[in-house]
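One-letter residues, chain by chain:
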Amino acid sequence: MIHQSYLTFSMHGLLFAVDTNVVKEILWLPELTLIEECPSYIAGVINMHGKIVPVMDLNIRFGNPPQRYGLSDRVIILDVSELHSDVTDVQSKIQNPKSKINLLGIIVNDVLDVIDIPEEHIEPPPFHGSEIKPHPYFVSGEAKVRENIIMILDHRTILDVEFEIKEPEIEESEIIPQSAVRYFCPEADQQEREIFHQRAMHLHHLFDSEDSAALIPVAVIGLNNEYLCVELESVREFSRIHNFTPIPCCPEHIAGNMNLRGNVLTVVDIRSLLNMQAGKISESTKVIVADAGGFPAGVIADEIFDVLYL
């Protein structure tokens, strides 16, 4: 059984997933800088650690009307350099604009979990090939994950600038006044703009080549209102707790077992090891599936907040 790891996210009530191999970083939506001569679905660019990264409004890319951005929105940074790894000729790079882009951000509402999806649980979308499309499909498959259907985003096609989806018609009453259009989120109030701006300033921090090579990606988790981090190198996936069974006569930090896709996973509660007050395990409890001495174990967390490089 072949499994592939995916990062799941939500966008206007719909569930999506993208291959974790191309995910480089996850950010809170910062202030975007508007630029000219770019596709309509590019909301702006950010200066991320000294690199200019275009940010795509995935909602507009799918042909939907623009939606208001919020402080709770996230940006997933994708590595799209593989899309032009075979382009070596200089003239070809000039004629192929997407060959200049190595990193691409996509705006989403919320980042959820990292999950493994068996290949046989992914089916092709039912309406692919039923009609002639003026652009490539941006969804490569639909996965059955417990009670949910998740759309698999094809990162290889969303950046194809040869195909532009026709922009939705906007009522005259919905048109933003000309005096406000030079800010990426004209509807934002002053407090929201200040927070967006602070996030953008934080991303400007530069790392030299030696420092960047030494950065360690970590997942920031919450436990008893404390913040801790776990190195991503040892993390297999994030999951919600389900099919949990307590086990009697075990050490205090062994909470029980969990059935994870047919495999028995030992669930560890590290609160007692950290001299924290014991907590309750509920449906909202998260589990970090990590390698522990050659076998997987689940570590309990209240929340999984972010991915950072330290």
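Scroll up to find the structure this text is about.
In this text, all values refer to a predicted model and were calculated from it rather than measured experimentally.

Enquirer: Could you give me a rundown of the sheet that holds strand β6 (residues 74-79), with the residues and numbers involved?
Expert: Strand pairs in the sheet, formed through backbone hydrogen bonds, run parallel or antiparallel to each other. If you trace the five strands from one edge of the open sheet to the other, you get β3-β6-β7-β5-β4, paired in mixed fashion. At either margin of the open sheet sits one strand with a lone partner, and together these are β3 (23-28) and β4 (42-48). Direction aside, the axes of adjacent strands within the sheet are offset by 30° on average. Two strands pair when backbone bridges link them, and β4 and strand β5 (residues 51-57) are joined in this way by six bridges, in the antiparallel orientation.

Enquirer: Can you explain the pattern of salt bridges? Please cite residues and give values.
Expert: According to the stated counting rule, one finds seven salt bridges in the structure shown. The residue E192 makes a salt bridge to R68 at a minimum N-O spacing of 2.8 Å. With E192 in helix α3 (residues 190-203) and R68 in the loop between α1 (58-61) and β6, the pair connects residues that are 124 residues apart, well separated along the chain. The exposure class assigned to E192 is buried, which follows from its relative accessible area of 14%.

Enquirer: Lay out the layout of surface pockets in plain terms, naming residues and giving numbers.
Expert: Roughly 670 Å³ of internal volume is contained in the second largest pocket. Surrounding the second largest pocket, 30 residues form its lining, L7, I26, V111, F238 and V307 being those nearest its centre. Counting only elements with at least two residues in the lining of the second largest pocket, the list comes to β1 (3-11), β3, β8 (110-118), β12 (217-223), β14 (235-240) and β20 (303-309). Of the residues assigned to the lining of the second largest pocket, the class counts are 16 nonpolar, three polar and 11 charged.

Enquirer: Could you give me a rundown of the state of the cysteines, with the residues and numbers involved?
Expert: When the sulfur atoms of two cysteines share a covalent bond, that bond is a disulfide. A complete count under the given rule lists zero disulfides for this structure. Note on C250: no disulfide assigned, nearest cysteine sulfur contributed by C249 at a separation of 7.4 Å. Exposure remark for C250: the relative accessible area of 34% places this residue in the partly exposed category.

What counts, and at which threshold
Residues numbered from 1 in each chain as written. Predicted model: local features only at pLDDT ≥ 70, side-chain atom pairs only at ≥ 80, totals over all residues. Heavy atoms only, no water. Pairing = 2+ DSSP bridges. Helix = DSSP H or I, 4+ residues; strand = E, 2+ residues; numbered from the N terminus. Axes fitted to C-alpha atoms, helices over the stretch in contact; angles between N-to-C directions. Salt bridge = Lys/Arg side-chain N within 4 Å of Asp/Glu carboxyl O. Buried < 20%, exposed > 50% of the residue type's maximum accessible area, 1.4 Å probe, protein only. 1 Å grid on protein atoms, 1.4 Å probe; cavity = no way out; pocket = protein on both sides within 12 Å on 5 of 7 lines; lining within 4 Å. Points joined across faces, edges and corners; volume = space filled by probe spheres on them. Nonpolar A, V, L, I, M, F, W, Y, C, P; charged D, E, K, R; others polar. Disulfide = S-S within 2.5 Å.

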